[in-house]
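Chain and residue survey
One-letter residues, chain by chain:
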Amino acid sequence: MQELGRLEDLPEDYRAALTAQNLVPLWPSLRAVLPPFKPAIKTQPTCWPYQDLRPLLLQAGELTPMEKAERRVLVLANPGHGLEKMQASSTMYLGMQLLLPGEWAPAHRHTPNAVRMIVEGEGAYTTVDGEKCLMSRGDLILTPTGLWHEHGHDGEQPVVWLDVLDLPIVYFMEASYVTEGKAQTVNSDAAGMAYQRGGVVPAPVFARTPMAFPMLRYPWVDVRAALETLARTQPEIEAVQVAYINPETGGDAQKILGFSALMLRPGETLNLPARSTAMVFHQIEGSASITADASRFTLAEADTCCIPGYTPITLANQSATQPAFVFIADDAPLQKKLGLYEVRDARNV
Ligand code: 1HN
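Just so you know, these numbers come straight off a predicted model, no measurement behind them.

1. Examining the layout of surface pockets
The computed volume of the largest pocket comes to approximately 1600 Å³. Residue lining of the largest pocket: 50 residues in total, with Gln 87, Ser 90, Leu 167, Pro 168 and Ile 169 positioned closest to the centre. No other element matches helix α4 (residues 167-172), which puts five residues into the lining of the largest pocket. Of the residues belonging to the lining of the largest pocket, the class tally is 26 nonpolar, 14 polar and ten charged. Forming the walls of the second largest pocket are 18 residues, and the residues nearest its centre are Tyr 195, Arg 197, Gly 198, Met 215 and Tyr 218. When residues of the lining of the second largest pocket are traced back to their parent elements, those giving at least two are α5 (220-233) and β13 (240-243). The element best represented in the lining of the second largest pocket is α5, accounting for three residues. Partitioning the lining of the second largest pocket into residue classes produces 13 nonpolar, three polar and two charged.

What follows is the structure, given as structure tokens:
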């Protein structure tokens, strides 16, 4: 590639004249914004072991009352972006949230989309758009853009969940804001229950525009059963993986971030090609190693890691006898809409 002129090559007075008129020459920065073959990537492979962060999260429960936190969260920040940016990747925010028995996190709604992956504890719930969603380990609960949500806890033990938001990209777009609200009235008929069985949806869907977010809670018992069935009935399948979808459209559950659950069969190793999306892996059950370039993490239950895009990834179940279950988040829905999504074969990474 041709080497281009540097800023220092230009006379001082010329540079000053440009600056005075808010002008910048492109050529000294062109290679930085358009690097050859592969983007410049700030996201670093990073792992957040749960056993290490858990004591600090519980300590936050003693140090900071709910009234002073609103949401009591330790953010899983990627050092490659700078910790203060609170980004796991260019588009994804991750946080571990703690709710203690009897606590309440007040209702609000905001433009970024959130999902929660429940990590530990029983008895907490989140009310989303009037629907009371009970939280149980491994459940995925959506709080899509613009919907009221609040969290409560009637149980006995601390409850912890992983929040995944598209906050970094929505913030970057200067479109991130919140509205505070009053406690919601809970609908007695939980609308989402109508979607709890695969293969059938309420028939009125054919007589109206599909709902943007018809299903808010994806219980782990059902997702796990779907994976077990897939593994049993299609032993030749390359990846035992299911996507969280909008049951009315068959499309992604949310518009910006995509979510799936993967089962690694006992002893299985799975090679993923390099994709243009950064990926987040969270271990729901069992243990898996994740290798990407020179980084290798072994995820124990409830551990979370982030791997940058354009990197081939190898996942390996650490057990020869038990399956391992991994929750995956990426920004493929956004990249596909923008025409940026790429999968590269092994000869081309
Ligand atoms: C939020 O609304 C929640 O509702 C959690 O639990 C984390 C991080 C950034 C912005 C909004 C919640 C959040 C958040």
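2. Remarks on the sheet that holds strand β14 (residues 258-264)
As a general point, the strands of a sheet are linked pairwise by backbone hydrogen bonds and lie either parallel or antiparallel. Judged by pairing direction, the sheet is antiparallel, and its six strands sit side by side in the order β1-β20-β17-β22-β14-β13 without closing on themselves. Single-partner strands in this sheet number two, and they are β1 (46-48) and β13. Averaged over all pairs of adjacent strands, the angle between their axes in this sheet comes to 20°, without regard to strand direction. Judged from the six bridges that link them, strand β17 (residues 279-285) and strand β22 (residues 324-330) form a sheet pairing that is antiparallel. Note on β22: the bridge partner recorded for Met 279 is Asp 330. Packed on one face of the sheet, α5 meets β13, β14, β17 and β22 and runs near 140° to β13.

3. A look at the packing of aromatic side chains
Taken as a whole and assessed by the stated rule, the structure comprises four aromatic pairs. Relative to Phe 327, the ring of Tyr 244 lies with its centre 6.0 Å away and its plane at 75°, an arrangement referred to as edge-to-face. Of this pair, Tyr 244 sits in the loop between β13 and β14 while Phe 327 sits in strand β22, and the two are 83 residues apart along the sequence. Phe 327 carries the same exposure label as Tyr 244, and that label is buried. Both rings, one in Phe 259 and one in Phe 327, keep their centres 6.0 Å apart while their planes meet at 5°; by these two values the pair is stacked. Separated by 68 residues along the polypeptide, Phe 259 in strand β14 and Phe 327 in strand β22 bring together distant segments of the chain. Exposure class is identical for Phe 259 and Phe 327. Each is buried.

Reading the values: the criteria
- Residues numbered from 1 in each chain as written.
- Predicted model: local features only at pLDDT ≥ 70, side-chain atom pairs only at ≥ 80, totals over all residues.
- Heavy atoms only, no water.
- 1 Å grid on protein atoms, 1.4 Å probe; cavity = no way out; pocket = protein on both sides within 12 Å on 5 of 7 lines; lining within 4 Å.
- Points joined across faces, edges and corners; volume = space filled by probe spheres on them.
- Helix = DSSP H or I, 4+ residues; strand = E, 2+ residues; numbered from the N terminus.
- Nonpolar A, V, L, I, M, F, W, Y, C, P; charged D, E, K, R; others polar.
- Pairing = 2+ DSSP bridges.
- Axes fitted to C-alpha atoms, helices over the stretch in contact; angles between N-to-C directions.
- Contact = heavy atoms within 4.5 Å.
- Phe/Tyr/Trp six-rings, centres within 6.5 Å; stacked < 30°, edge-to-face > 60°.
- Buried < 20%, exposed > 50% of the residue type's maximum accessible area, 1.4 Å probe, protein only.

None of this, on its own, says anything about what the molecule does.
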